[in-house]
Each structure stands twice: as structure tokens, then as C-alpha cells.
Amino acid sequence: MEKPPWLAPALLVGIALLIRVAAIGGDLDYVPAHDAFDYDRHARSIAAGEGFPESGYAPEGGPTALRPPVYPYFLGAVYAVFGDSVDAGRLAGALLGAASVWLLFLVVLRIWGRRVALVAAAAAAVFPPLVLLSRELLSEQLFIALELGAVLCVLEARASSRPLRWAAAAGALCGIATLTRNPGGVLILPVLIGLWRPQPGAAARGLAAPAVGLLCILLVMTPWTLRNWSEFGRFVPVTSSTGFGLAGTYNDVSMDDADHPAAWRTPVIVPEYEPLFQAPQVDEGTLDATLRREAVQFAWDHPGYAIEVSGRNLLRLFAVSGDSVVGRDSELVVQRGIGSDRLPAERLSLALALVLGAAGALFIWRRRLPRGPLFLWLVPALTVLVALPVAGLPRYRAPADPFILILGAIGISCLWDETRKRWAAGS
């Protein structure tokens, strides 16, 4: 009897879920810290029916938009049902991780076929950096699922005779993803490029799908942007974190720190920025705009340092070096989450994935295998590029990991084919 085609990928999804639940089960003393603490704080306030809490940075509190809204509300919904249970929030993240394995399978299936799709899904199911995300309350888990869902919808739109509904779905998912993670807007450009299919003699028809996608993105984002305008009296499309992120790296202390050069630190402890956090009647929107202006000016005045930041963060994102975040006394801040406690399994698996990914890229070039559409590869490229000038925590690389695994799966499949041919020739 022939096995149903869904059985193998479903089994991989089940394995992915079991591994993630096991990772959580081995970490029952977990206490949210750093970003996870703030997500937990937001979720508890939302679950209590109070919406977003007050700013933790503005001197007199007031409204906050430091965190994009989707993940706090997702986590808040879990808390509302399960009584502010941190473990329930982590299990919800494990479900998102398992769903991402399924979505990755569907994406790869449409371009490189079933075998490569199964290998990619199997790799994602057990890949330590993605598994370890499930131990944490972090927005990357939800973003990766939305990202892969949006990519899948774009692929469906490109293959469909009725692309507009898929374009609308891609735009909606892209808008939700943009409201999930601070640099989530990097997904907008690849999605719109992917939806654009120029047709000779029918330019308007080629623009219809990206126009629908963009409209849905704006429809999803507009309510939150209007909320921010009402709260801050200024245009804050998604988050008030840009200035905080840049100022944590572009300051004299970070530039002159010989032990942890170009590492990020909260601007609250940077002497040149401290007066901003003590000024009365300054809200978070004004703080963010001021910090962003001063950080950009600092980078403009020190172009060599800006280049150094990007180079060092590239190494940090891929766990080649550490020193991503430091504290008040320039001591290394050990954060949980991928890349912070530098687990050997995480670093070794990432190195192996990169080697296999390079092999996959080489096989694509040499064997004329399907390269995949440009928009698909823009997603991981932009994910890494937008992080480089700001900070180098490896979890900021996490949304690019599924695409590294795609190349790795191609590499594994082609290496297996080469090995079988040599065995056959030798016999």
C-alpha cells in the first residue's frame, strides 16, 4: 500500500515538536530576562486587559511602542487562556517552531522537489539554533513562521492563474510580520519584488499583484501607526526602538571599549545620552527620535567605526566571536537564547550548515539546478544586512537560518548523489 504523501513531512513536524518540548522540559527553572522579560511584562499587562504597559525608558513613563505589537498580543492571548504561564508561552513557541518546519517543506517542495524539501524540513526539525529558540519568549519564533508563510504565498501567486488572492495573503502576512519584530519591515521589499511579474504589453497587469500586496500591508499596519500618532503626536510607523538600537552602539563608550569593541549597551548607561533619560516631560517617541538623530550623526562623524561595527557584527551574528552586549561596567552580559551562552552544539551545527550551504550553492551553479527566485534569497540577505550596523546577537540571524538550511539540503542531496555514483562506478 502506497504511503500518503503527507506522512513523511507530518512525521518530521511531530519530531520537531517533540524535540522542542523536550528542550523546554529540560529547562523548567526558566525565568525571562532581558528582551524576554519585557515581552513577558507586556503580555501580562495585555492578559489583564490593560493593553501595553507604560514605557520603561521615558523618565515619567507614558506610552510605549518599543516593542512591535503582534508578539506581545500573541503571548498575551496565551497568558489570558493559561493564567500567565511562562511555560505555556514557551510551548506556544514550540508549536510555532514545528509549524515553521511544515512551511519550510512546502516552500522547498515548490522549487526543488520532494527529496530536497524533506531534507530541509528534517534539518530544521533538529537544528539547534532553531530548537533553542523554543526555550525563550522571543519574537523570532513567530516571525519565522510568518516569514515562511509570506514566501509560500508569493510562490503560489507566481504560479497561480488567479494571483491576486495569494498576493493579498502574502501582503497580510508580511504586514503582520512587520508588526512582530523590530526589523520585520525587511520582508516588505522581497515580497513586493516577488509579486511583481512583468508581462510584455501588459504592464498594469504585472503591477496588480504587488499593488494588492502593498495595500494589504498598509491595511494591516495602519491601525498601529495611527495608535502611535495618537500617543506620541509624531509618525512612528511600527516601533520607537530604532534610536535605542543605534545609540547603544554609536557612542564614545562603545567605540573606545578595548575589551569589547563596538559592542551594544543600553543607551541609559551611556554618559553622553544619560541627560535625555532624566529630562522631564519627554516621552518615548521624542527620546527615540533624539537618540536616532544623535546616533546617525555619530556614525557620520566616524565612518571608520561604522564599518568596524558592521564587520564585527557579521562575525557575531554567525557565532564566530562573542562580546555582543555589555553592561554598565563594560562587562559581558550573558543572555540566554541562541548565540549568547555559546553552546557547542549550536556553534558546530551552524558551522556544518554553512559548509553544506556553500556546497549547495556550488552545486546550483555547476549543475544548473533551480536557483530559486531572487526575492526568496533577498529575505535572508536583508535579514543579515539590517542587523550588521546595529547589533550582533546571533538570534537576530535566526530568520535567515531556514534559507541557509535550504542550501544545506541541496548540498546534502547532491553529495549523496555523487557518492552513489562513485559507489556504482566502483562496483
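These numbers come from a predicted model, not from an experiment.

Asks: How would you sum up the overall build of the protein? Please name residues and give values.
Replies: Along the backbone of the protein there are 17 helices and zero strands. Radius of gyration (C-alpha) of the protein: 22 Å, near the 22 Å computed for a compact globule of 427 residues. Considered along the principal axes of its C-alpha atoms, the protein spans approximately 75 × 50 × 50 Å. Each of the 427 residues in the protein was classed as buried or not, and the buried ones make up 52%. Of the contacts made within the protein by residues no fewer than 6 positions apart, 73% connect residues no fewer than 24 positions apart. Total accessible area computed for the protein in this model is approximately 19200 Å², and 65% of it derives from carbon and sulfur atoms. If you average the places of the 36 positive and of the 36 negative side-chain charges in the protein, the two averages end up 16 Å apart.

Asks: How would you explain the packing of aromatic side chains if you had to name every residue and give the values?
Replies: This structure, assessed with the given rule, holds 12 aromatic pairs. With centroids separated by 5.8 Å and ring planes inclined at 20 degrees, the aromatic side chains of phenylalanine 52 and tyrosine 73 adopt a geometry described as stacked. Here phenylalanine 52, found in the loop between helix H2 (35-47) and helix H3 (70-82), pairs with tyrosine 73, found in helix H3; they are 21 residues apart in sequence, far enough to count as distant. The exposure class of phenylalanine 52 is buried, given its relative accessible area of 12%. Residue class for tyrosine 73 comes out partly exposed when judged on its relative accessible area of 40%. Measuring from ring centre to ring centre gives 6.1 Å for phenylalanine 298 and tyrosine 305, while their planes differ by 85 degrees; the resulting arrangement is edge-to-face.

Asks: For the pattern of salt bridges, give the residues involved together with the corresponding values.
Replies: This structure, assessed with the given rule, holds 16 salt bridges. Residue arginine 67 pairs with aspartate 35 through a salt bridge whose shortest N-O separation is 3.1 Å. Remark: aspartate 35 occurs in helix H2 and arginine 67 occurs in the loop between H2 and H3; sequence separation between them is 32 residues. With relative accessibility at 9%, the residue arginine 67 sits in the buried group.

Asks: A description of a nonpolar patch on the surface should follow, citing residues and the corresponding values.
Replies: A surface patch of nonpolar side chains, about 310 Å² in accessible area, is lined by Trp6, Leu7 and Trp102. Relative to the helices and strands, leucine 7 resides in helix H1 (residues 7-25). Looking at leucine 7, the relative accessible area reads 37%, which means it is partly exposed.

The rules behind each value
Numbers given for residues are sequential positions, taken from 1 along each chain in its written order. The predicted nature of this model means local features are confined to residues of pLDDT at least 70 and side-chain atom pairs, given and counted, to a pLDDT of 80 or more, with totals for whole chains, interfaces and linings taken over all residues. Side-chain measures were taken over the full set of non-hydrogen atoms in the model, leaving aside hydrogen atoms and water. A run of DSSP states H or I qualifies as a helix once it reaches four residues; a run of E qualifies as a strand once it reaches two. Both are numbered from the N-terminal end. When we talk radius of gyration, it's over C-alpha atoms, and the globule rule is simply 2.2 Å times the number of residues to the 0.38. A simple rule labels every residue: compare its accessible area, found with a 1.4 Å probe on the protein chains alone, to the largest value its type can have, and call it buried under 20%, exposed over 50%, or partly exposed in between. In this analysis, two residues are considered to be in contact whenever any of their non-hydrogen atoms come within 4.5 Å of each other. Per-residue accessibility takes into account occlusion by the displayed protein chains alone, with areas from the Shrake-Rupley method and a 1.4 Å probe. The convention is simple: Lys and Arg are positive, Asp and Glu are negative, and His and the chain ends are not counted. We put the charge of a Lys on NZ, of an Arg on CZ, of an Asp on CG and of a Glu on CD. Any Phe, Tyr or Trp ring, taking Trp's six-membered ring, that has another such ring centre within 6.5 Å forms a pair; planes under 30 degrees apart are called stacked, those over 60 apart edge-to-face, and the others tilted. Salt bridges are defined as contacts in which a side-chain nitrogen from Lys or Arg sits within 4 Å of a carboxyl oxygen from Asp or Glu. Surface patches are defined over residues having more than 30% relative accessible area and no salt bridge, joining like charges when they lie within 9 Å and nonpolar side chains (Val, Leu, Ile, Met, Phe, Trp, Tyr) when within 5 Å.

Limitation: the analysis is restricted to geometry and does not speak to function.
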